[in-house]
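Residues per chain, in single letters:
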Amino acid sequence: MGEKIEVVVLGAGYGGIMTAVNLQKILNLNEASITLVNKYDYHYQTTWLHENAAGNLHHDRTRIPIDEIINTDKVHFIIDEVVSIKPEKKKVKLETGELYYDLLVIGLGFETETFGIPDLKENAFTIGNIDSARLIREHLEYNFAMYHHENRKNPGRLNIVVGGGGFTGVEFLGELANRIPELCEEYDINKSLVRIINVEKETTVLPEVDPQLAEYAMTSLESRGVEFITGASFKHCAPDRIVYEKEGKDKEIATYTTVWAAGVRANSIVQDSGFDHCDGKIAVCADMRAPGHDDVFAVGDCALVVDEKTGHPYSPSAQIAVQQATTVANNIKAHLDGNSTFEKFEPRLLGTVTSLGNNDAIGDVFNNWKLFGWKAVLMKKIIDNRYLFKLGGLGLVMRKGKFNIFY
Ligand SMILES: Cc1cc2nc3c(=O)[nH]c(=O)nc-3n(C[C@H](O)[C@H](O)[C@H](O)COP(=O)(O)OP(=O)(O)OC[C@H]3O[C@@H](n4cnc5c(N)ncnc54)[C@H](O)[C@@H]3O)c2cc1C
């Protein structure tokens, strides 16, 4: 252990990278030794991955090299994979070594939840990082190319099934609705042969949003060829078909492309490292520390924060992860200054905007202000660009921002 307090931040997603960026702003050079660990040498915007997966946006727009964002005089960056955390020894085991910490921030994000559905993990694609998004894009193209290459025309090549009609599923459907006509043109395929099918357990998609917005979303997507099978549960996923159950009957869809977008859970490293957890997440104290571990903070999808008004946990989101990162950085500063009073995390939720492809969207912002169409599209771009500004200032907005409002 060195003289300086060792602050270790795990994960460079929204929560982790913003904690590191905030710390480099508020700490002087010698106040602490800050180490950021991430699996990749880049930060990616998870909220743009569905665009990469459909093939509408190149993944290089979504990822940002970490050394372009952090000040390497203040933050030591390690590219490595976290294997486990040993809180009792204040150590983090990495794929290629070990780190000691005085203060730890866990921002390792989410992983897919398959709810025990047989063979789903093995056979379905998920939208979780740049690699998985790139794989979906390539797989879609491969199957379109195979359609005319095979002697026997196989409809499964052109059927795309999306499991789950929550925010991620609906945003991906919107991107597919835009992308498929382009793919059809490129691979000489009649568009009427392609099916984009959403299988959703509830009776509507986006059950968490205002019914008027959910209906708008379904109508918009249906008008562009998306089929909805609601009130249906996934039962099985094979490489060439899925089985779902609706009204007590099992039905099958031939498909080589199933994208599962119906469930996420916190990175299992949290649970496996022995922290008290609630469905895999650390139910953090008001100051974002882990109960019983004054030296460990959790942010983003690894943290569970309950809304005192409703008694329900806040939904995981980039918005909340970024806000938590400010509280965590301020509380690390308070710790270093020897203050005993820590800031309480109070989310300022501005609402949600859900894209329906690049030219349509819905939003519920600023306390029930409903947005449809281009106004929601504009709001989504403002949100995306605002985040880039927070992360890397105007220069980053100019390099990676989204300015194409009207198509
Ligand atoms: C397609 C899609 C669309 C979304 N749209 C929205 C939206 O519009 N608005 C919104 O608010 N939220 C949205 N979300 C949810 C949002 O992206 C997450 O809530 C948010 O990313 C959580 O941030 P985080 O910092 O906890 O984790 P992440 O952003 O997932 O970052 C985790 C980081 O940890 C790294 N990591 C993981 N495991 C390891 C390891 N073992 N070792 C080292 N590094 C590791 C990863 O590389 C990653 O950089 C969307 C999610 C998806 C999938």
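What you see is a predicted model; the values in this text were computed from it and never measured.

(A) The sheet that holds strand β24 (residues 351-355), seen in detail. Read from one edge to the other, the open sheet built from three strands follows the order β24-β25-β26, with strand pairing classed as antiparallel. Of all strands in the sheet, those with a lone pairing partner are β24 and β26 (369-372), marking the two edges. Adjacent strand axes in the sheet meet at a mean angle of 5 degrees, parallel and antiparallel pairs treated alike. Where strand β25 (residues 361-365) lies against β26, four bridges are found, and the strand directions are antiparallel. For I362, the partnering residue across the bridge sits in β26 and is F372.

(B) Examining the nonpolar core more closely. Counting 65 residues, the largest nonpolar core has L10, I17, L36, L104, I106 and L391 as its most contacted members. When residues of this core are assigned to their parent elements, the largest contribution, eight residues, is made by helix α9 (residues 318-336). A133, I160, I189 and I362 belong to the second-largest nonpolar core, a separate cluster that totals 43 residues.

(C) Broad picture of the UniProt feature "domain: FAD/NAD(P)-binding" (unreviewed entry) in the protein chain. Residues annotated by UniProt as "domain: FAD/NAD(P)-binding" (unreviewed entry) correspond here to residues 6-325. As annotated, residues 6-325 comprises 29% helix and 30% strand, and the C-alpha atoms at either end are separated by 18 Å.

(D) Summary view of the site of the ligand. G15, V82, D301, A318 and K380 are the nearest of the 32 residues found near the ligand. One nitrogen or oxygen atom from the main chain of A318 is found 2.9 Å from an oxygen atom belonging to the ligand. Look at the ligand: alone it shows 1,000 Å² of surface, and the protein chains cover 90% of it. Contributions of two or more residues to the shell around the ligand are made by α1 (14-26), α6 (167-186) and α9. With three residues, the single largest contributor to the shell around the ligand is α9. Across the shell around the ligand, the residue classes tally to 12 nonpolar, 14 polar and six charged.

(E) Looking closely at the pattern of salt bridges. A full pass over the atoms with the stated rule returns 25 salt bridges. For K333, the salt bridge identified is with E31, shortest N-O distance 3.0 Å. Taken together, the residues span a long stretch of sequence, with K333 in helix α9 and E31 in the loop between α1 and β2 (33-38) at a distance of 302 residues. Classification of K333 as partly exposed rests on a relative accessible area of 23%.

(F) Here's a closer look at the domain arrangement of the protein chain. Split by domain assignment, the protein chain resolves into domain 1 (6-112 + 265-351) and domain 2 (120-262). Here the C-alpha centre of domain 2 lies 32 Å away from the C-alpha centre of domain 1. Taken together, the 19 residues of domain 1 in the interface contact 20 residues of domain 2. Applying the counting criterion to the domain 1 and domain 2 interface returns zero salt bridges. Put simply, domain 1 and domain 2 have four residue pairs in polar contact (both at pLDDT 80 or more) between them. The biggest single contributor to the side of domain 1 that touches domain 2 is helix α2 (residues 49-54), with six residues. When the residues that make up the side of domain 1 that touches domain 2 are grouped by side-chain class, the tally is seven nonpolar, 10 polar and two charged.

(G) Region of interest: the packing of α1 against helix α10 (residues 374-400). For the pair α1 and α10, the least separation of the axes is 10 Å and the interaxial angle reads 45 degrees. In terms of their interaxial angle, α1 and α10 are classed as oblique. In contact with Y14, I17, M18, V21 and K25 of α1, α10 contributes Y387, K390 and L391. Here the contact of α1 with α10 is composed, by residue class, of six nonpolar, no polar and two charged.

(H) View of the sheet that holds strand β18 (residues 257-260). Strand order in the open sheet made by the five strands is β11-β18-β12-β13-β14, with parallel pairing throughout. Taken across any chain shown, the strands that pair with only one partner, and hence form the sheet edges, are β11 (125-126) and β14 (226-229). Bridge count for β11 against β18 is two bridges, and the pairing is parallel. Bridge pairing in β18 places T126 opposite W260.

(I) Representation of the pairing of β24 within the structure. In this structure, β24 lies alongside β25, joined through five bridges in antiparallel fashion. Bridged to S355 within β25 is A361. Between β24 and the antiparallel strand that follows it, β25, lie five residues; G357 among them carries a positive phi value of about 100 degrees.

(J) The packing of aromatic side chains, seen in detail. Summed over the entire model, instances satisfying the criterion amount to eight aromatic pairs. Three or more aromatic residues link up through ring pairs in this structure, and these residues are Y40, Y42 and Y44. Note that R157 overlies the ring of Y256, its terminal NZ or CZ placed 4.2 Å from the centroid. If you follow K402 out to its NZ or CZ, it ends over the ring of W48, 3.9 Å from the centre.

(K) How the structure looks around the packing of α1 against α9. One can describe the packing of α1 onto α9 by two numbers: an axis separation of 8 Å at closest approach and a directional angle of 35 degrees. Here α1 runs over α9; the crossing is right-handed. Facing α1, whose interface residues are Y14, G15, M18, T19, N22, L23 and I26, α9 presents A318, A321, V322, A325, T326, V328, A329, N330, I332 and K333. Residue composition of the contact of α1 with α9, by class: 11 nonpolar, five polar and one charged.

(L) Quick peek at the environment of Q324. With respect to the helices and strands, Q324 occurs in helix α9. A relative accessible area of 2% places Q324 in the buried class. Other than its neighbours up to four places away in sequence, Q324 contacts M288, V299, G300, A303, V305 and F345.

Definitions and limits used
Residues numbered from 1 in each chain as written. Predicted model: local features only at pLDDT ≥ 70, side-chain atom pairs only at ≥ 80, totals over all residues. Heavy atoms only, no water. Pairing = 2+ DSSP bridges. Helix = DSSP H or I, 4+ residues; strand = E, 2+ residues; numbered from the N terminus. Axes fitted to C-alpha atoms, helices over the stretch in contact; angles between N-to-C directions. Core = buried A, V, L, I, M, F, W, Y, C linked by side-chain atoms within 4.5 Å. Buried < 20%, exposed > 50% of the residue type's maximum accessible area, 1.4 Å probe, protein only. UniProt positions renumbered as here; feature names shortened; annotations may be inferred. Near = heavy atom within 4 Å. Polar contact = N/O pair within 3.5 Å; in protein donor to acceptor, adjacent residues only side chain to side chain. Areas by Shrake-Rupley, 256 points an atom, 1.4 Å probe, with all protein chains shown as cover. Nonpolar A, V, L, I, M, F, W, Y, C, P; charged D, E, K, R; others polar. Salt bridge = Lys/Arg side-chain N within 4 Å of Asp/Glu carboxyl O. Domains from an automatic or database assignment. Contact = heavy atoms within 4.5 Å. Parallel < 35°, antiparallel > 145°, perpendicular 65-115°, else oblique. Phe/Tyr/Trp six-rings, centres within 6.5 Å; stacked < 30°, edge-to-face > 60°. Lys NZ or Arg CZ within 6 Å of the ring centre and 35° of its normal. Left-handed = near helix turned anticlockwise from the far one by under 90°.

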